[in-house]
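# Structural characterization, general
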Amino acid sequence: MDTSNPAAFVNAELLHFYVGRRVRALTQVVRSDGGIVIGKSTDEKQLVVKGSPPPAPLTTFVEVFGIVNNDKSITPDIWTNFGDAVDMVSYNKLCQLAHGEYKHLFL
């Protein structure tokens, strides 16, 4: 496992803690226009991903790894299609655990 460039689990609410740093976030794709994907984060807030998606069509749910920008958008370097059915509540709880009592278990 490569731990040289860890990515924190985040939802939209946590992005402001990670400006300029690498994160991973799950989003439900609402619309995709050119190089911008607008989605709904696991905490029900808007999440903006700025960067051309991969050539393969995006599924309803996508996880992105990337750097958080000053405007709280994410510039991705990895896109992962998660399919058309994901338990957003469980992923959001994972984000909360990664920043709370069990923070020490996450990179």
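Look up a bit, the structure's there.
Quick summary incoming for the structure in this document. (Residues numbered from 1 in each chain as written. Predicted model: local features only at pLDDT ≥ 70, side-chain atom pairs only at ≥ 80, totals over all residues. Heavy atoms only, no water.)

### Points about the overall build of the protein chain
Spelled out, the test is: Elements are defined by DSSP. Helices are runs of H or I of four residues or more, strands are runs of E of two residues or more, and each kind is numbered from the N terminus. Note on method: radius of gyration uses C-alpha positions; expected globular size equals 2.2 Å times residues raised to 0.38. Here the term buried applies to any residue with accessible area under 20% of the maximum for its type, exposed to any over 50%, and partly exposed to those in between, with areas from a 1.4 Å probe on protein chains only. When checking whether two residues touch, look at their non-hydrogen atoms; a contact exists if any pair is within 4.5 Å.
Assigned secondary structure in the protein chain consists of one helix and six strands. Going from N to C terminus, the protein chain has its helices and strands arranged as β-β-β-β-β-β-α. Over its C-alpha atoms the protein chain spans a radius of gyration of 13 Å, differing by no more than 12% from the 13 Å that the globule rule assigns to 107 residues. For the protein chain, the spread of C-alpha atoms along the three principal axes comes to 40 × 30 × 25 Å. Looking at the protein chain as a whole, 36% of its 107 residues are labelled buried. The contacts of the protein chain with a sequence gap of at least 6 include a subset with a gap of at least 24, amounting to 53%.

### Thoughts on a nonpolar patch on the surface
Note the cut-off: Here a patch means residues that are over 30% exposed by relative accessible area and free of salt bridges, tied together within 9 Å if like-charged and within 5 Å if nonpolar (Val, Leu, Ile, Met, Phe, Trp, Tyr). Per-residue and other accessible areas were derived by the Shrake-Rupley procedure at a 1.4 Å probe size, with only the shown protein chains allowed to occlude residues. The term salt bridge refers to a side-chain nitrogen of Lys or Arg lying within 4 Å of a carboxyl oxygen of Asp or Glu.
A cluster of nonpolar residues, Leu97, Tyr102 and Leu105, forms a patch on the protein surface that exposes about 290 Å² of accessible area. Relative to the helices and strands, leucine 105 is located in the segment after helix H1 (88-98).

### Considerations on unusual backbone geometry
In this model, glutamate 44 sits at a positive phi of 75°, which is unusual for a non-glycine residue. Examined against the element boundaries, glutamate 44 turns out to sit in the loop between strand E3 (36-41) and strand E4 (46-50). We classify glutamate 44 as exposed; its relative accessible area is 57%. Its identity is not glycine, yet lysine 72 carries a phi of approximately 70°, on the positive side. With respect to the helices, strands and loops of the structure, lysine 72 is situated in the loop between strand E5 (61-68) and strand E6 (74-83). Of the residues examined, lysine 72 reaches a relative accessible area of 36% and is grouped as partly exposed.

### Remarks on the packing of aromatic side chains
Worth spelling out the cut-off: Planes of paired rings set the category: under 30 degrees apart is stacked, over 60 is edge-to-face and the rest tilted, where pairs are Phe, Tyr or Trp rings (Trp by its six-membered ring) whose centres lie within 6.5 Å.
Considering all chains together, one arrives at two aromatic pairs under this definition. Between phenylalanine 9 and tyrosine 91, the aromatic rings sit 5.9 Å apart at their centres with planes inclined by 65°, giving edge-to-face as the arrangement. Taken as a pair, phenylalanine 9 in strand E1 (residues 8-9) and tyrosine 91 in helix H1 lie far apart in primary sequence, 82 residues in all. Across the pair, tyrosine 91 and phenylalanine 9 agree in class, each one buried. Take phenylalanine 9: its relative accessible area is 16%, and that puts it in the buried class. Put simply, the rings of Phe9, Tyr91 and Phe106 pair up and form one aromatic cluster.

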